[in-house]
Structures are given as C-alpha cells and as structure tokens.
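So you can see what is in the structure, the chains are spelled out below.
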Amino acid sequence: MNDTDFDELGPIDYLVVEFPSDRQPDGSALPHLIDLVERNIIRVFDLVFVRKETDGSISGIEIEDLGFEGGVDVTLFAEAATGLVDPTDLEEAAAVLQPGCSGAILVYENRWAAPFASALRREGAQLVASGRIPVQGILAALDALDETTG
C-alpha cells in the first residue's frame, strides 16, 4: 500500500468471536462474510482461528483444517493474513476466550465508510472515540423503556 491507498482507507475494526466448547465452527457464517466482501462493504485484512486449551494456552488453527461443510470456499480467508494480528493480539484473544473454546479474530476495513472517512481526514478531522453497543444492551434498554411506558 502507498500513501494514497492509506488516504482512501475506511475505519478498521476487529472482533473476537467465541464458539462453544462442545462444537467446532461449521462455517455457516462465512457465506455472509463473503457476501460483504463481494459487495465491497468490507475488506478482510486478517481472519485467524484459535483454540484456547483447558490449561489456558492458545494455538492457531488453519482455516483449511476446520473442515467446513456445505462447500464453503475458504480460499479468500486462507489468504487473509496481513500480519496485523500478532502474538500479543493472540494473547489478548486468549484472555477473553473460555478454556476449551475455539475462536476467530477478524480484522476488517469498513469500505462503506471510506469516502466519508477520507473526506474527514482531508478536512483535518480525526477519530477520537468509537464504540459498539452490544445487541443485548439494546434489547435490555428497549425492555426497560417498555416497562416504564407500558
């Protein structure tokens, strides 16, 4: 990437997803991720699968070794390895995963927001805070609102 490419980047996010300890990921969410990429809504920089052992150690899992069913083409994701996820990130992911569970770390660009973010940067603006409201928090707030108005 050159400086012009960086000027055109959208916001970069990451997420860590934990899968239940009693089953391996089946790949059913990957077609949705592929759809987002194909529609140019996001660009995947890194997708790393890990397993947290019962002793707390963490090990990487190759996406090809997960044996996803349903003919999911994992080529796009097998090549998604920019190196942004480093050993420190893996340790931080291990801290939030329950022992015996597997997880996925996804680093992606919000391409849909790139023109807006680029325009703001050209104006000299910078992002100073961001966050995400979990769906459970929204549902709890709506339930509380219903109780007070109903």
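Criteria and cut-off values
- Residues numbered from 1 in each chain as written.
- Predicted model: local features only at pLDDT ≥ 70, side-chain atom pairs only at ≥ 80, totals over all residues.
- Heavy atoms only, no water.
- Helix = DSSP H or I, 4+ residues; strand = E, 2+ residues; numbered from the N terminus.
- Contact = heavy atoms within 4.5 Å.
- Areas by Shrake-Rupley, 256 points an atom, 1.4 Å probe, with all protein chains shown as cover.
- Salt bridge = Lys/Arg side-chain N within 4 Å of Asp/Glu carboxyl O.
- Buried < 20%, exposed > 50% of the residue type's maximum accessible area, 1.4 Å probe, protein only.
- Core = buried A, V, L, I, M, F, W, Y, C linked by side-chain atoms within 4.5 Å.
- Pairing = 2+ DSSP bridges.
- Axes fitted to C-alpha atoms, helices over the stretch in contact; angles between N-to-C directions.

S.K.: Can you tell me about the overall build of the chain, naming the residues and giving the values?
M.R.: Secondary structure summary: the chain contains six helices and four strands in total. Tracing the chain from N to C terminus, the helices and strands come up as α-β-α-β-β-α-α-β-α-α. The long-range fraction of contacts in the chain, counting pairs at least 24 apart against all pairs at least 6 apart in sequence, stands at 81%. Counting only carbon and sulfur atoms, one obtains 54% of the accessible surface of the chain, whose full area is about 10,200 Å².

S.K.: Break down the pattern of salt bridges for me, citing the residues and quoting the values.
M.R.: A side chain with one charge can pair with a side chain of the opposite charge if their charged atoms come near. One pass over the full model with this rule turns up five salt bridges. Two residues, Arg132 and Asp13, come together in a salt bridge whose shortest N-O distance is 3.3 Å. One end of the pair, Arg132, is in the loop between α5 (114-122) and α6 (135-149); the other, Asp13, is in strand β1 (residues 12-19), and 119 residues separate them in sequence. Here Arg132 falls in the exposed class, since its relative accessible area comes to 58%. With its nearest N and O atoms 3.0 Å apart, the salt bridge here joins Arg39 to Asp35. Since its relative accessible area comes to 33%, Asp35 is described here as partly exposed. Here the salt bridges do not stand alone but share partners, grouping Arg43, Glu109 and Arg111 into one network.

S.K.: I'd like to hear about the nonpolar core, residue by residue, with values.
M.R.: Core analysis: the largest hydrophobic core is formed by ten residues, namely Leu30, Leu33, Ile42, Val44, Leu47, Phe49, Ile61, Ala104, Leu106 and Tyr108. Elements represented by at least two residues in this core include exactly α2 (30-38), β2 (42-52) and β4 (102-110). Broken down by element, this core gets its largest block of residues, four residues, from β2. When sequence neighbours within four positions are dropped, the list of residues in contact with Ile42 reads Leu33, Leu36, Val37, Tyr108, Glu109 and Arg111. In terms of nonpolar packing, the next biggest core, distinct from the first, is built from six residues, Leu9, Val85, Ala93 and Val107 among them.

S.K.: I'd like a description of the sheet that holds strand β3 (residues 58-61), backed by residues and values.
M.R.: If you walk across this open sheet you meet the four strands as β1-β4-β2-β3, and the pairing is antiparallel. Of all strands in the sheet, those with a lone pairing partner are β1 and β3, marking the two edges. Adjacent strand axes in the sheet meet at a mean angle of 30 degrees when their direction is disregarded. Strand direction decides the pairing type here: β1 and β4, joined by eight bridges, are antiparallel. Bridge pairing in β4 links Leu15 to Leu106. With respect to the sheet, α2 is in contact with β2 and β4, its orientation differing from that of β2 by roughly 155 degrees.

S.K.: Quick one: what's the story with unusual backbone geometry, residue by residue and with numbers?
M.R.: Phi angles above zero are rare outside glycine, and Asn40 is one such case at about 65 degrees. Note on placement: Asn40 falls in the loop between α2 and β2. Judged by its relative accessible area of 43%, Asn40 is partly exposed.

Take it as geometry only, folks, not as evidence of what the structure does.
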